[in-house]
Amino acid sequence: MIFETQHLTKKFGGLTATSDVSLQIEKGELVSIIGPNGAGKTTLFNLLTGHIKPDEGKVYFQGREITGLPPHAISRMGIGRSFQRLNIFPRLTTFENVQVAVFSAQGKSHQLFTSAKKMVRKETETILESVGLLGKKDTKGGLLAHGDQKRLELGIALSVHPSLLLLDEPTQGMSPQETVETTVLIQKLVKERGLTLIFVEHDMSVVFGISDNIRVLHQGKVIFSGKPEEVRRNEEVQRIYLGEENK
Amino acid sequence: MILVSLVLLIVPFVFSRSMVSLINEMLIMALAGCALNLMLGYGGMVSFGPAGLYAVGAYATAILLTRYGAPFIVAVLAAPVVAAIVGAIVGWFCVRRSAVYFALLTLAFAQIIWTIIFEWYDFTNGDNGIVSIPIPEVLYVGSNIYYFSLAIVAVCIFVLWRIVNSPFGATLQAIRENPMRTEFIAVPVRRYQLAAFVISSFFLGIAGSLFCVFAGSVFPDYAHWVKSTDMLVVCLLGGIYNFAGPIVGSGVYILISKVISKNTTYWMFFLGIIIVFLVLYMRNGMVGFAAEKIFRFRNKLGAGNGEGKS
Ligand SMILES: Nc1ncnc2c1ncn2[C@@H]1O[C@H](COP(=O)(O)OP(=O)(O)O)[C@@H](O)[C@H]1O
Ligand SMILES: [Mg+2]
């Protein structure tokens, strides 16, 4: 088991955003987390990556407890993440966006007097190539098309060599065509690098297409956990979530 | 670049003494502006208190020379060290908050420094300032003081330029763009912000010390928030997203403030209007504005290669 949470609970005032969540994720698993808006998916991610501290419960990664560690330390241990909103550095070029992450991965970020320009070029370009952005390396991140920005954010997340990748709505706002392309890309990268993936997604074709397992979150609770076929067949899930989507 | 250095080298031969003094002031302000801009433009940390650290540098040199009779070199070299230490303490608190609260904290600390200087008569001579500081005679021979400033400012600005183009500088810009994202590429963001604060303080301390040597006296005004806004305006005027921004901003700001204040007592009024104009019509400062125009022009000629060079 690569990743585990035990009885995670987080309250915002009177609202229980995460309620007694216990997850167990195996190495190499592709897990999706689904649930209606406000179900607590992003909050769960924030608890896993140290951005907010749980009121109760524990988080383990590769057998070590990581509850309460700061985000940069959790990231350093090998967890990569993309956020639901802005994930890139808009005024830096595409090349620089990835380069700055490569600096961190190689422990070079603190170098004060060396010239950054030509450093780690090969590594950076390899990553840009793997996400299909090498041709746009001199464009400012903020000027890329939405789909390209989403790919860039994958590139940044991969630069720090994570073994577990958390993606919060990676295809949000994409056209159906871009969604398919991105899904294929994610699947390819995860396979190539032997990653474990946990992702939040609303597009059911993506969810059913690539997940090994699905967790359904509702009002902060995991109400169902199983394989895609099982989720499809389950009536409560149908009623709470899938039914709602079809309205 | 080479042209600029040549012009600066021959300045004392072509201009009057008062003009040389004015350029000397510009040089020191350019260094202060570049030091502040490491935080402001590169780190996205809006500090309202650079003058506090600048004054620490100026007073460190002044007090070491007058009170302890320290050798001149020691008094000058100590200034950035003392400013960096004070900067580390102040910065440690400030980086705990972001955006407007960070700005407010820097302002508060600068005011604390100002009050200490203003009230601690036994040590700082309070509002009388410290005058007739024993600066080595040799600096007053010919234009030596100008060359002294020029040499130190040139070296410091070169070092700052190296820093902003280093991996550290790149990481600092990433923090400016998106601190949350940067934290999750395993960068301890606060520690980097603190480092930027300390480096900035170090160079502000040098600028303060240079001004002490240049003027031969120091006053609590150096720490006043008005001085901080001078530095901020210098950066904004020139443009915070260009390394040369504060250098150009310093020249223009000091020139117009002197020219206007010579001819009218309402110079703050005119300065205000100029700032409003610049902010509304040249949003990236003068250097940013010029760079954009040149870029457009080159594109029009078809010579531009269409890629946004920064
Ligand atoms: N920092 C916060 N403070 C207060 N309430 C929050 C905070 N973050 C999230 N919430 C609330 O917690 C609930 C879950 O939000 P979120 O995790 O963003 O849901 P999802 O990502 O599943 O749409 C929502 O009701 C939201 O308003
Ligand atoms: Mg969400």
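Refer to the structure printed above.
Note that the coordinates shown come from a computational prediction; the quantities given were computed from them, not determined experimentally.

Novice: Looking at this structure, I do not really get the pattern of salt bridges. What am I missing?
Specialist: Oppositely charged side chains may form a pair once their charged atoms are brought near each other. Taken as a whole and assessed by the stated rule, the structure comprises 10 salt bridges over all chains. A:Asp148 is paired through a salt bridge with A:Lys136; the nearest N and O atoms lie 2.7 Å apart. Taken together, the positions of A:Asp148 in helix H5 (residues 146-159) and A:Lys136 in the loop between helix H4 (121-130) and H5 put the pair 12 residues apart, joining distant regions of the chain. On the basis of relative accessibility, which here comes to 8%, the residue A:Asp148 falls in the buried class. The closest approach of N and O atoms between B:Glu292 and B:Arg296, which form a salt bridge, is 3.2 Å. Here B:Glu292 pairs with B:Arg296, and both are found in helix H14 (residues 285-301), just four residues apart, close to one helical turn.

Novice: Before we go on, may I ask you to explain the environment of B:Met231 in this structure?
Specialist: Residue and element names in this part refer to chain B. Along the chain, the position of Met231 falls in helix H11 (residues 225-238). Expressed as a C-alpha distance, the spacing of Met231 and Arg162, which sit 69 residues apart in the sequence, is 21 Å. Apart from residues no more than four positions distant in its own chain, Met231 is found in contact with Met29, Ala32, Leu36, Pro50, Ala51, Tyr54 and Leu204.

Novice: Sorry, what's going on with the environment of A:Leu164 here?
Specialist: Residue and element names in this part refer to chain A. Within the secondary structure, Leu164 sits in strand S7 (residues 164-168). Between the C-alpha atom of Leu164 and that of Gly194, which follows or precedes it by 30 residues, the distance is 9.3 Å. When residues no more than four places from it in sequence are discounted, the contact partners of Leu164 are Phe3, Phe61, Gly78, Ile79, Gly80, Thr196 and Ile198.

Novice: Can you walk me through the side chain of A:Gln149 in this structure?
Specialist: Residues and elements named next belong to chain A. Looking at the secondary structure, you find Gln149 in helix H5. A polar atom in the side chain of Gln149 sits 3.3 Å from the backbone oxygen of Leu144. Not counting residues within four places of it along the chain, the set of residues in contact with Gln149 comprises Ile88, Gly141, Gly142, Leu143 and Leu144.

Novice: What's the story with the site of ligand 1 in this structure? I'm lost.
Specialist: All names here are of chain A. Every residue close to ligand 1 is listed here: Phe12, Leu15, Ala17, Asn37, Gly38, Ala39, Gly40, Lys41, Thr42 and Thr43. A distance of 3.2 Å separates an oxygen atom of ligand 1 from a polar backbone atom of Ala39. Within the backbone of Gly40, one N or O atom sits 2.9 Å away from an oxygen atom of ligand 1. Considered on its own, ligand 1 offers 560 Å² of accessible surface; in the complex 58% of this is hidden by protein. If you list the elements that add at least two residues to the shell around ligand 1, you get strand S2 (15-25) and helix H1 (41-48).

Novice: Help me out: how do you make sense of the pairing of S7(A) in this one?
Specialist: Regular strands place side chains that alternate from one sheet face to the opposite one. Residues and elements named next belong to chain A. Most of S7 sits inside the fold, with five of its five residues counted as buried. The side-chain alternation of S7 yields two buried faces, one formed by Leu164, Leu166 and Asp168 and the other by Leu165 and Leu167. Judged from the five bridges that link them, S7 and strand S8 (residues 196-200) form a sheet pairing that is parallel. Counterpart to Leu165 in the pairing with S8 is Leu197. Between the parallel pair S7 and S8, the chain is carried across by helix H6 (residues 176-193), and the sense of this crossover is right-handed.

Novice: It is not clear to me how the interface of chain B and chain A should be interpreted in this structure. Could you clarify?
Specialist: For interface size, the figure often reported is the accessible area lost on association. On the chain A side, the residues contacting the 30 residues of chain B number 40 residues. Roughly 2,900 Å² is buried in total at the junction of chain B and chain A, and carbon and sulfur atoms are behind 62% of that figure. In this assembly, chain B and chain A are joined by one salt bridge. For B:Glu177, the salt bridge is made with A:Arg91, and the minimal N-O distance between the two is 3.0 Å. Where chain B touches chain A, the interface holds 16 residue pairs in polar contact (both at pLDDT 80 or more). The greatest single-element share of the side of chain B that touches chain A, amounting to eight residues, is contributed by helix H8 (residues 167-177) of chain B. For the side of chain B that touches chain A, the per-class residue count stands at 15 nonpolar, eight polar and seven charged.

Rules used in this analysis
- Residues numbered from 1 in each chain as written.
- Chains lettered and ligands numbered in written order.
- Predicted model: local features only at pLDDT ≥ 70, side-chain atom pairs only at ≥ 80, totals over all residues.
- Heavy atoms only, no water.
- Salt bridge = Lys/Arg side-chain N within 4 Å of Asp/Glu carboxyl O.
- Helix = DSSP H or I, 4+ residues; strand = E, 2+ residues; numbered from the N terminus.
- Buried < 20%, exposed > 50% of the residue type's maximum accessible area, 1.4 Å probe, protein only.
- Contact = heavy atoms within 4.5 Å.
- Polar contact = N/O pair within 3.5 Å; in protein donor to acceptor, adjacent residues only side chain to side chain.
- Near = heavy atom within 4 Å.
- Areas by Shrake-Rupley, 256 points an atom, 1.4 Å probe, with all protein chains shown as cover.
- Pairing = 2+ DSSP bridges.
- Right-handed = clockwise from strand over helix to strand, strands pointing away.
- Buried area = accessible area lost by both parts, 1.4 Å probe.
- Nonpolar A, V, L, I, M, F, W, Y, C, P; charged D, E, K, R; others polar.

By themselves, these figures tell us nothing about what the structure is for.
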